[in-house]
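Structural overview
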There are 2 protein chains.
Amino acid sequence: MMRTRPLKVALLGCGVVGSEVARIMTTHAGDLAARIGAPVELAGVAVRRPSKVREGVPRELVTTDAKALVSRGDVDVVVEVIGGIEPARTLITTAFEHGASVVSANKALLAEDGATLYAAAGKHGRDLYFEAAVAGAIPLIRPLRESLAGDKVNRVLGIVNGTTNFILDKMDTSGAGYSEALDEATALGYAEADPTADVEAFDAAAKAAILAGIAFHTRVRLDDVYREGMTEVTAADFASAKQMGCTIKLLAICERAADGRSVTARVHPAMIPLSHPLASVREAYNAVFVEAEAAGRLMFYGPGAGGAPTASAVLGDLVAVCRNKLAEATGPGESVYTRLPVSPMGEVVTRYHISLDVADKPGVLAQVATVFAEHGVSIDTVRQTGKDGEASLVVVTHRAPDAALSGTVEALRTMDTVRGVASIMRVEGE
Amino acid sequence: MMRTRPLKVALLGCGVVGSEVARIMTTHAGDLAARIGAPVELAGVAVRRPSKVREGVPRELVTTDAKALVSRGDVDVVVEVIGGIEPARTLITTAFEHGASVVSANKALLAEDGATLYAAAGKHGRDLYFEAAVAGAIPLIRPLRESLAGDKVNRVLGIVNGTTNFILDKMDTSGAGYSEALDEATALGYAEADPTADVEAFDAAAKAAILAGIAFHTRVRLDDVYREGMTEVTAADFASAKQMGCTIKLLAICERAADGRSVTARVHPAMIPLSHPLASVREAYNAVFVEAEAAGRLMFYGPGAGGAPTASAVLGDLVAVCRNKLAEATGPGESVYTRLPVSPMGEVVTRYHISLDVADKPGVLAQVATVFAEHGVSIDTVRQTGKDGEASLVVVTHRAPDAALSGTVEALRTMDTVRGVASIMRVEGE
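Residues numbered from 1 in each chain as written. Chains lettered and ligands numbered in written order. Predicted model: local features only at pLDDT ≥ 70, side-chain atom pairs only at ≥ 80, totals over all residues. Heavy atoms only, no water.

1. What to know about the sheet that holds strand S4 (residues 77-80) of chain A
Sheet strands associate in pairs through backbone hydrogen bonding, adopting either a parallel or an antiparallel arrangement. Residue and element names in this part refer to chain A. Spatially, the 6 strands line up as an open sheet ordered S3-S2-S1-S4-S5-S6, and their pairing is parallel. Edge positions in the sheet fall to strand S3 (62-63) and strand S6 (128-129), since each of these pairs with one other strand and no more. In the sheet, strand S1 (residues 7-12) pairs with strand S2 (residues 40-46) via 6 bridges, with the strands oriented parallel. Its bridge partner being in S2, leucine 12 is matched across the sheet by alanine 46. Across the sheet, helix H4 (residues 88-97) is in contact with S1, S4, strand S5 (101-104) and S6; its angle to S5 comes to roughly 150°. (Pairing = 2+ DSSP bridges. Helix = DSSP H or I, 4+ residues; strand = E, 2+ residues; numbered from the N terminus. Contact = heavy atoms within 4.5 Å. Axes fitted to C-alpha atoms, helices over the stretch in contact; angles between N-to-C directions.)

2. Digging into the relation of the copies chain A and chain B
If you rotate chain A by 180° and push it 0.0 Å along the axis, it lands on chain B with an RMSD of 0.0 Å. Put plainly, the chains are arranged around a two-fold axis. In terms of C-alpha distance to the rotation axis, chain A has phenylalanine 300 of chain A as its closest residue, with the C-alpha 2.5 Å off the axis. By residue overlap, the copies meet face to face through one surface: 100% of the interface positions of chain A are interface positions in chain B. (Least-squares fit on C-alpha atoms with pLDDT ≥ 70 in both.)

3. Considering the packing of helix H13 (residues 364-374) of chain B against helix H14 (residues 402-413) of chain B
All names here are of chain B. Two elements in contact, H13 and H14, have axes whose closest approach is 9 Å; the angle formed by their N-to-C orientations is 145°. Of the two elements, H13 crosses H14, and the hand of that crossing is right-handed. In contact with Val368, Val371 and Phe372 of H13, H14 contributes Thr408, Ala411 and Leu412. Within the contact of H13 with H14, the residues separate by chemical class into 5 nonpolar, 1 polar and no charged. (Left-handed = near helix turned anticlockwise from the far one by under 90°. Nonpolar A, V, L, I, M, F, W, Y, C, P; charged D, E, K, R; others polar.)

4. Side note on the packing of aromatic side chains
Working definition: an aromatic ring pair is given by the centre-to-centre distance plus the angle between the planes. For the coordinates displayed, the defined rule picks out 7 aromatic pairs over all chains. A cation over a ring is seen here: arginine 227 of chain A above phenylalanine 202 of chain A, with NZ or CZ 3.8 Å from the ring centre. (Phe/Tyr/Trp six-rings, centres within 6.5 Å; stacked < 30°, edge-to-face > 60°. Lys NZ or Arg CZ within 6 Å of the ring centre and 35° of its normal.)

5. Regarding the interface of chain A and chain B
Facing 43 residues of chain A, the contacting portion of chain B comprises 43 residues. For the pair chain A and chain B, the two sides together bury roughly 3,700 Å², of which 56% comes from carbon and sulfur. In this structure, the connection of chain A to chain B is made through 2 salt bridges. For arginine 142 of chain B, the salt bridge is made with glutamate 146 of chain A, and the minimal N-O distance between the two is 3.6 Å. At the boundary of chain A with chain B, the tally comes to 18 residue pairs in polar contact (both at pLDDT 80 or more). Elements represented by at least two residues in the side of chain A that touches chain B include exactly helix H2 (29-36), helix H6 (141-147), strand S12 (296-303) and helix H12 (307-326) of chain A. The class makeup of the residues in the side of chain A that touches chain B is 25 nonpolar, 7 polar and 11 charged. In this structure, S12 of chain A lies alongside strand S12 (residues 296-303) of chain B, joined through 3 bridges in antiparallel fashion. The partner of phenylalanine 300 of chain A across the bridge, within S12 of chain B, is phenylalanine 300 of chain B. (Buried area = accessible area lost by both parts, 1.4 Å probe. Salt bridge = Lys/Arg side-chain N within 4 Å of Asp/Glu carboxyl O. Polar contact = N/O pair within 3.5 Å; in protein donor to acceptor, adjacent residues only side chain to side chain.)

6. Topic: H13 of chain B
The periodicity of an α-helix, 3.6 residues per turn, causes residues three or four places apart in sequence to face the same way. All names here are of chain B. Among the residues making up H13, those that are buried are Val364, Val368, Val371 and Phe372. Projection of H13 onto a plane perpendicular to its axis shows the buried side chains occupying an angular sector of 100°, all on one side. Relative to its buried face, H13 has exposed residues pointing more than 90 degrees away, namely Ala373 and Glu374. Looking at the packing, one finds that the buried side of H13 touches strand S13 (349-359), strand S14 (379-387), strand S15 (390-397), H14 and strand S17 (418-427). Immediately downstream of H13, the backbone of glycine 376 shows phi near 75°, a positive value. (Buried < 20%, exposed > 50% of the residue type's maximum accessible area, 1.4 Å probe, protein only. Arc of directions from axis to C-beta.)

Below, the structure written as structure tokens:
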């Protein structure tokens, strides 16, 4: 039952991902047609620099006028891989207005203003798919939106940024400092010239917002996500982590509160036990744990970025959207019926690992312990080492609200006997 | 836009999985309705023993007449969790004839005669979903059918039977023999009273058939899958595996041939390196690697069986099928357009680990090496140990067709200087 009139696809952006999408659409045209039930063809490719030679993309399809391309009216699906907020948002909403469905890899836009995109898709009865926006080729959006649609997700915990995982992995295995590891990541192409979006965790925070919104059926925006980058992580932190049988990962953590009345989303470096499956996620790989009431603990692992893996996710969505188009149906839209509020970081329950430089004299431990107790924070372990009149205390707490933990640290900083707080890191993954 | 007339669900079977499905349908009715866009209600539950008390299932819904239930005509979705070939097949095809879509967890039936089910679904324009048939709660069917629909899958490699993984894990960690580990698995409820389907790998073979068919878009039946159980695996095999830096897992392996013109599917115990992520899959967990051209290597991990995890997969399908019903659309049907043939085991390219008891005299190694060479099998490593006039040779080969490897073993058996073939095991996962 193959339809012969092709479905028309407009491609916005022809960089690392876009050129792979175009290449696979050409080289695997027969497979795509068989799986969709109709051939798909490139109707146009919008780029900024039309002079650049793009292998496999016919010159006559290239345009700089993206607005005109998405407004043609004969385009069935717009694939948006340009990224950023504008002009992507306007192009996507314009595409919907002109009858196209949209496949996007744009995590920043979805996290910033997904609601506008969903609303436009819904108004015009079109699809908005974005598997490629989170964790590259790893199926994660579809499992959360569809496979777990009959379950109750309580937690999503994962490594969703390959650049920072590469850097932290290098620091862990080679003992390198942050700058040295970043240089290596840059040299190998894992980090961009300006690594801010990755190392300051804006990228991971956008992904956390998307995952939390889908997992908990509520609206979570980038601003709702607590964000701490990993530029302050030191070789000394890794040494401390090793002594605890841990390593350090930049984690995105989305949780339903114990009472079920709110959710939290956060991204920060954290120590996790070496026995945790996320501890062995190496190099630029991504992995995400999903804990659901009936399903239990699931893990999804794979390459989280790169042209071909991201194109795989885009093309999977393209096939789905094209099938929907032929069936005159749409896939799942925005699901925010729970309207659960996002609580601030202070209400997150977690554990701290704190290294203190203290005066090497009797009674210091008792004073420090008193400060923890006054803030309602229970201590799990304390390790005390001293040499040359200096001493250090390493305290690992039990679980407590983040506000109580950070209040404790503030109070410790004011103590005469505490010369400095050498490092603070959350402990996760138990 | 909530529809108020409920969608009606008929449940066939109310055992470990069915009762969880019924329970979650009741306790999470509001969530399911919000996600589907209409409430769902149980229209009937077909069981064999109606007298058994089933918590949460109203007595008046229970019937022993499954045929009448699926023929009612007002049922939107039939959930089949009774298993086995008949009466399940007739009930499912009857359900399609009467306008229902079907969600099934029946791996045996899908592997034996999936084509009949797909044909009936297609003829009546209804959905056939079966995420729960393979690897319990782990999303695997949907990622393969949908997320990777734009990619080319070359290999699926996984642990898809929890019972045998539990037994092998016990043998590995405790040094126990097969019988002892089986007894423990039985006592803990991981193995059934008659463990044949698990330990002889019929269950894993059915799953391999389903995965291979979907991954390669061709028809693969249970009979096409090479199958070797794990009852012959010994403590000595584990000791050999350890010496190689390996462990032993029962693996399901589906591969596209190097020339792309055929596929293979097989289930057998194999040594895999401890560094391979599948090596650290413990107890009754399942994990599946998928290697695709663009996506690279993906891994899916989670609980592979049990009432609640399997119910999670069933309910995810139920939500999808109900959404399709409301949209008057259907999801993906059977995709067998590649019509790739399934090659016999002899053509699979793999490696062997062979332990031989040999006469402890000069020249034996040369004779043995000659036999390998005559069969075109290249040797990777040989380890020779001798004591008290007895000697053993452990040979690990390079990759060669299975027929050449088994031919080599047959020839070795006829040699005077070879007193016995102590063990043969394939080596995978590199």
